[in-house]
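Take a look at the letters that make up each chain.
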Amino acid sequence: MSVLSQQKVAFIGLGVMGYPMAGHLQRNGYQVTVFNRTQAKAEQWVQEFGGSWAASPALAAQDAELVMLCVGNDDDVRAVVYGEQGVLLSMAAGSLLIDHTTASAELARELDAACAARGVGFLDAPVSGGQAGAQNGALTIMLGGEAPHFAKAEPCLQSYARSARLLGPAGAGQLAKMVNQICIAGVVQGLAEAMHFAQQSGLDGHAVLDVISKGAAQSWQMENRGHTMLDGQYNFGFAVDWMRKDLAITLNEARRNGASLPVTALVDQLYAQVQAQGGGRWDTSSLLTVLQRQPANKS
């Protein structure tokens, strides 16, 4: 076991992403203490992977060299960082806070300043790759922060990353994740429209997918969600509720920086329609259902 792998690590948040990510750390020899709002989930994690659980974020972070967060949104991050039992209460000078939550760039800059005031390093480090990527240790991590902090974190991040890259100062990781979600929104809507067109034309959508996925139209979404989309199966990953949270962050940032995102804004509203029909927990490929519910446009 290497010296690096003996580091004490705290992991806060054991959702569909955090649970396997923390597991990879423990399996790679890190001494991991977890915290989760639902204690039973933390106890289950310890039974599966070993390590230990703590009754509060502050207790989990005590003596940890690296503290990872993977929670829901900006408010959740602030609660586990600044709250009465937040991690900053117990983090020692020289330790490092890494936020894997998809949150705002504004929050990342705020956390960077708050950590610096206590002699703690900070990296914003949102991830892409979904639940499967987390389970397989094949996530893409987009990071913002200082190079020495990234160098300290990188060996640990490799426990569950296929790729991890520092893209600029604090906030750059969150901005890059927004770029990622803009791309996904447009591609999924294009795929949904294509499959709807194929269905309306009387084509065998599965056969069409098999052909066009070998050409320039190929994408991860087509390969992984095209056939399940056609079959009306929408329980394969990233939920619409979370996508709308991410797109709201993205559109707010666009208003701030002057970027024009007409397609992203449209797709956000289409996802609102999915939510209205009870599909908030469906995966993002469920955009097809909106098109299928609309009256046929025949002249």
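To be clear, the structure that these remarks concern was listed above.
Read on for an overview of the structure. (Residues numbered from 1 in each chain as written. Predicted model: local features only at pLDDT ≥ 70, side-chain atom pairs only at ≥ 80, totals over all residues. Heavy atoms only, no water.)

## Things to note about the overall build of the protein
Here is step 1: Across its full length, the protein holds 13 helices and nine strands.
Here is step 2: By its C-alpha atoms, the protein is 70 × 45 × 35 Å across when sized along the principal axes.
Here is step 3: In the protein, which comprises 299 residues, the share counted as buried stands at 49%.
Here is step 4: Total accessible area computed for the protein in this model is approximately 13700 Å², and 52% of it derives from carbon and sulfur atoms.
Here is step 5: Within the protein, one finds 20 positive and 25 negative side-chain charges whose respective centroids are separated by 2 Å. (Helix = DSSP H or I, 4+ residues; strand = E, 2+ residues; numbered from the N terminus. Buried < 20%, exposed > 50% of the residue type's maximum accessible area, 1.4 Å probe, protein only. Areas by Shrake-Rupley, 256 points an atom, 1.4 Å probe, with all protein chains shown as cover. Lys, Arg positive; Asp, Glu negative; His and termini not counted. Charge placed at Lys NZ, Arg CZ, Asp CG, Glu CD.)

## Thoughts on empty space enclosed by the protein
Here is step 1: Under the definition given, this model contains one cavity of 30 Å³ or more.
Here is step 2: Roughly 30 Å³ of volume is contained in the largest cavity.
Here is step 3: Contributing to the lining of the largest cavity are Thr102, Gln174, Lys177, Met178, Gln181, Asp246, Ile249 and Thr250.
Here is step 4: If you list the elements that add at least two residues to the lining of the largest cavity, you get helix H8 (172-200) and helix H11 (240-257). (1 Å grid on protein atoms, 1.4 Å probe; cavity = no way out; pocket = protein on both sides within 12 Å on 5 of 7 lines; lining within 4 Å. Points joined across faces, edges and corners; volume = space filled by probe spheres on them.)

## Description of unusual backbone geometry
Here is step 1: Phi is positive for Asp63, close to 70°, though the residue is something other than glycine.
Here is step 2: By the secondary structure assignment, Asp63 is in the loop between helix H3 (57-61) and strand E4 (66-69).
Here is step 3: For Asp63, a relative accessible area of 57% puts it in the exposed group.

## Thoughts on the nonpolar core
Here is step 1: If you look at the biggest cluster of nonpolar residues, it comprises 33 residues, and the most contacted ones within it are Phe11, Met21, Leu25, Met68, Ile98, Ile141 and Tyr160.
Here is step 2: Sequence-distant contacts of Met21, defined by excluding residues within four places in its chain, comprise Phe11, Cys70, His100, Val127, Ala134, Leu139 and Tyr160.
Here is step 3: Core analysis: the next-biggest nonpolar cluster, separate from the first, contains 23 residues, Ile12, Val67, Val81 and Leu97 among them. (Core = buried A, V, L, I, M, F, W, Y, C linked by side-chain atoms within 4.5 Å. Contact = heavy atoms within 4.5 Å.)

## Regarding the packing of helix H4 (residues 74-82) against helix H5 (residues 105-116)
Here is step 1: For the pair H4 and H5, interaxial distance at closest approach is 11 Å and the crossing angle is 10°. In this view, H4 runs roughly parallel relative to H5, as classed from their interaxial angle. Of the residues in H5, those in contact with Asp74, Val77, Arg78, Val81 and Tyr82 of H4 are Leu107, Glu110, Leu111 and Ala114. (Axes fitted to C-alpha atoms, helices over the stretch in contact; angles between N-to-C directions. Parallel < 35°, antiparallel > 145°, perpendicular 65-115°, else oblique.)

## A closer look at the pairing of strand E8 (residues 139-145)
Here is step 1: Among the seven residues that make up E8, six are buried, leaving the element largely enclosed by the rest of the structure.
Here is step 2: Inspection of the sheet shows strand E6 (residues 121-124) paired to E8 by two bridges, in the antiparallel sense. Counterpart to Leu123 in the pairing with E8 is Gly145.
Here is step 3: Pairing analysis gives two bridges linking strand E7 (residues 127-128) to E8, with the strands arranged antiparallel. Considered in E8, the bridge of Val127 is made with Ile141.
Here is step 4: Taken together, the five bridges between E8 and strand E9 (residues 161-166) define a ladder with parallel strand orientation. Opposite Met142, over in E9, you have Arg165 as the bridge partner. (Pairing = 2+ DSSP bridges.)

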